[in-house]
Number of protein chains: 2
Amino acid sequence: MRIGIDIGGTKTDAVAVDDHGRTVQHFRLATGYGGPAVLRTAAAAISRMCTLIGLPVSTLDSIGLGVPGMVDALNGEVRHAANLGFSRLNLGSELHERFGVHVRVENDVNAAALGAYHFLELSGTMAYVNLGTGMAAGIVSGGRLLRGATGNAGEIGHIPLYPDGGRCPCGQRGCLETVASGSAISKQWATDDPFPARSLFSAATAGDPHAIAVAGRVAEAIAATVRLVVLTVDVDHIVIGGGVSRVGEPLLSRVRDVLDDWAAESAFVASLALAARVRLVPADSNVAALGAALIGGQR
Amino acid sequence: MRIGIDIGGTKTDAVAVDDHGRTVQHFRLATGYGGPAVLRTAAAAISRMCTLIGLPVSTLDSIGLGVPGMVDALNGEVRHAANLGFSRLNLGSELHERFGVHVRVENDVNAAALGAYHFLELSGTMAYVNLGTGMAAGIVSGGRLLRGATGNAGEIGHIPLYPDGGRCPCGQRGCLETVASGSAISKQWATDDPFPARSLFSAATAGDPHAIAVAGRVAEAIAATVRLVVLTVDVDHIVIGGGVSRVGEPLLSRVRDVLDDWAAESAFVASLALAARVRLVPADSNVAALGAALIGGQR
């Protein structure tokens, strides 16, 4: 049995996954704020899950954690986890000390990528594009995560595609993240709705001209991301995930429309069959926690 | 012993490589124009090399061909080889029929990528960015070529980074290839010099304002390519090759200057150490023919 914990900015999801990759138990906790509180949250999730499934922690095949921050997957250290309120914490060694077993720690987008690949029963290669507060991708090939030479594989949100675009928190200007992420949508579409992306695409569907313009810009940036990833690594599948993906069909159809328009203008682009490679991660599929559980099976 | 043949638009390079990867013999032929003539060129190169090294073709470990066109590496068919004057030719099966041995065929940029990786004795991952008539990259990881799901991995020349840019032969607008390739340089820099890229960078070094502007644009497009490749696949090394790379240090130093400027503006970009990842392929290192010889050792 494997345990996966996805530590988000406000909530933490825990799953237990059996030898067939099936989720047999899951629950959600509130995430504490700051290093010590995040550590307590992770420890509580592990303990509670062990109680629920009736297995001592030492008998588990693996425990994996997905964390939003820069993660050193080798030693389990997490840095720059701004949403969690700490700048440096070695979750891997702290949890090892507490439980006496090895706990794998991975960036949450990489974990979600691995989870999506398995949840959707994909083969070949896949890029999982996470549209959350920020924008990043995880790349999976033959069931394995590609982390890159320095852990920066999939940092596509910081590719500047809009020379005259807005400032990005990364210090550059016009990054893809400044148009297509959840926080970028909030800036471009003023609303009281707790889910601005859905409000935006609903208004666009209803014919609001400003919403149509903003939704078009967002869809085009996502389509540009798809094209860019295919023309670099040529993945079989591109799965859109993260909070923005919960908009669902209204988002996907606009992205596909852009890709179809490009294909109509260029036989080369048409030959890439971009629209057919894109899909959304199923809503509430909890791929990040699932992926965290599966990370223990990775090298 | 392995034989590698790099079939270019005007010349064909042939090498013989021993078990230690050392080039023990090499020569150059003129390339014929059109399918039958290209086939004759390839066959002549193989026969002549066998005579030179004194080995019958049946005793060779492998024969590999690098060809500028869309190559089906599985069956050896080449399509859309505009520079060679044919639209479809199964070089693999034609040569197999003639010599009775299996002949591997690969896209010339992929072959050069593999050759550069071995010539430079690299480890980890590498992108070889070829700046020739067009612009494309080959990606090598742990000594193996990454071709992608549909053979389009590394087609970075057709990522549109300049929305208001010129038309690209691919049907899109403002592709990287429309700024940074050899043919793009010829369009941007009018000269009688047979090597326009060298003329451009010489004039820029001499202080010509127009040359400085064009060279800056070219260097910036190459730097953008480096950033884009690192933020997608995070390769250890980026090797610039192709005709434009023969400009040498004046080109590399301008590309590094752009990367250093970006690093000065963004701590995130600085952390990527982009300038340190880039180098030029050594002039006249014949990496495409070497790589073609090594392709026989690939799956």
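Above this text sits the structure in question.
Summarised in this report is the structure supplied together with it.

Reading the values: rules and limits
- Residues numbered from 1 in each chain as written.
- Chains lettered and ligands numbered in written order.
- Predicted model: local features only at pLDDT ≥ 70, side-chain atom pairs only at ≥ 80, totals over all residues.
- Contact = placed C-beta atoms within 7 Å.
- Helix = DSSP H or I, 4+ residues; strand = E, 2+ residues; numbered from the N terminus.
- Nonpolar A, V, L, I, M, F, W, Y, C, P; charged D, E, K, R; others polar.
- Buried ≥ 20, exposed ≤ 12 C-beta atoms within 10 Å, placed from the backbone.
- Pairing = 2+ DSSP bridges.
- Axes fitted to C-alpha atoms, helices over the stretch in contact; angles between N-to-C directions.

1. Things to note about the interface of chain A and chain B
Piece 1. Opposite the 31 residues of chain A that make contact, chain B presents 31 residues.
Piece 2. For the side of chain A that touches chain B, the secondary structure elements donating two or more residues are α7 (209-233) and α9 (267-271) of chain A.
Piece 3. For the side of chain A that touches chain B, the element with the highest residue contribution is α7 of chain A, accounting for 7 residues.
Piece 4. Residues that form the side of chain A that touches chain B fall into these classes: 16 nonpolar, 10 polar and 5 charged.

2. Some words on the pairing of strand β4 (residues 62-67) of chain A
Residue and element names in this part refer to chain A.
Piece 1. In terms of residue burial, β4 counts as a mostly covered element, since 6 of its 6 residues are buried.
Piece 2. The side-chain alternation of β4 yields two buried faces, one formed by Ser 62, Gly 64 and Gly 66 and the other by Ile 63, Leu 65 and Val 67.
Piece 3. Pairing of strand β1 (residues 2-7) with β4, which is carried by 5 bridges, proceeds in the parallel orientation. Its bridge partner lying in β4, Ile 5 is registered against Leu 65.
Piece 4. Looking at chain direction, β4 and strand β8 (residues 103-107) are connected through 5 bridges and run parallel. Looking across to β8, one finds that Ile 63 is bridged to Val 103.

3. Quick notes on the sheet that holds strand β7 (residues 86-90) of chain A
All names here are of chain A.
Piece 1. As summarised here, the arrangement of the 3 strands in space is β5-β6-β7, forming an open sheet in which the pairing is antiparallel. At either end of the open sheet lies a strand with only one pairing partner, and these are β5 (70-72) and β7. If you compare each strand with its neighbour and ignore which way they point, the axes differ by 10 degrees on average.
Piece 2. Pairing geometry for β5 and strand β6 (residues 77-81), over 3 bridges, is antiparallel. When the bridges of β6 are listed, Val 71 appears paired with Val 78.

4. Section: the environment of Arg 104 of chain A
Residue and element names in this part refer to chain A.
Piece 1. Within the secondary structure, Arg 104 is located in strand β8.
Piece 2. As a C-alpha pair, Arg 104 and Gly 115 span 11 residues in sequence and 15 Å in three-dimensional space.
Piece 3. Other than its neighbours up to four places away in sequence, Arg 104 contacts Ser 62, Ile 63, Gly 64, Leu 65, Ile 295 and Gly 296.

5. Notes on the sheet that holds strand β13 (residues 278-280) of chain B
All names here are of chain B.
Piece 1. Pairing is mixed in the open sheet, where 5 strands are placed in the order β11-β10-β9-β12-β13. In the strand order of this sheet, the two ends are held by β11 (144-146) and β13, each with one partner. Adjacent strand axes in the sheet meet at a mean angle of 30 degrees, parallel and antiparallel pairs treated alike.
Piece 2. Relative to β11, strand β10 (residues 135-141) is paired through 3 bridges, and the arrangement is antiparallel. By the bridge assignment for β11, Ile 139 is matched with Leu 146.
Piece 3. In this fold helix α3 (residues 108-119) packs onto β9 (125-131), β10, β11 and β12 (237-241), with an angle of close to 45 degrees to the strand it touches most, β10.

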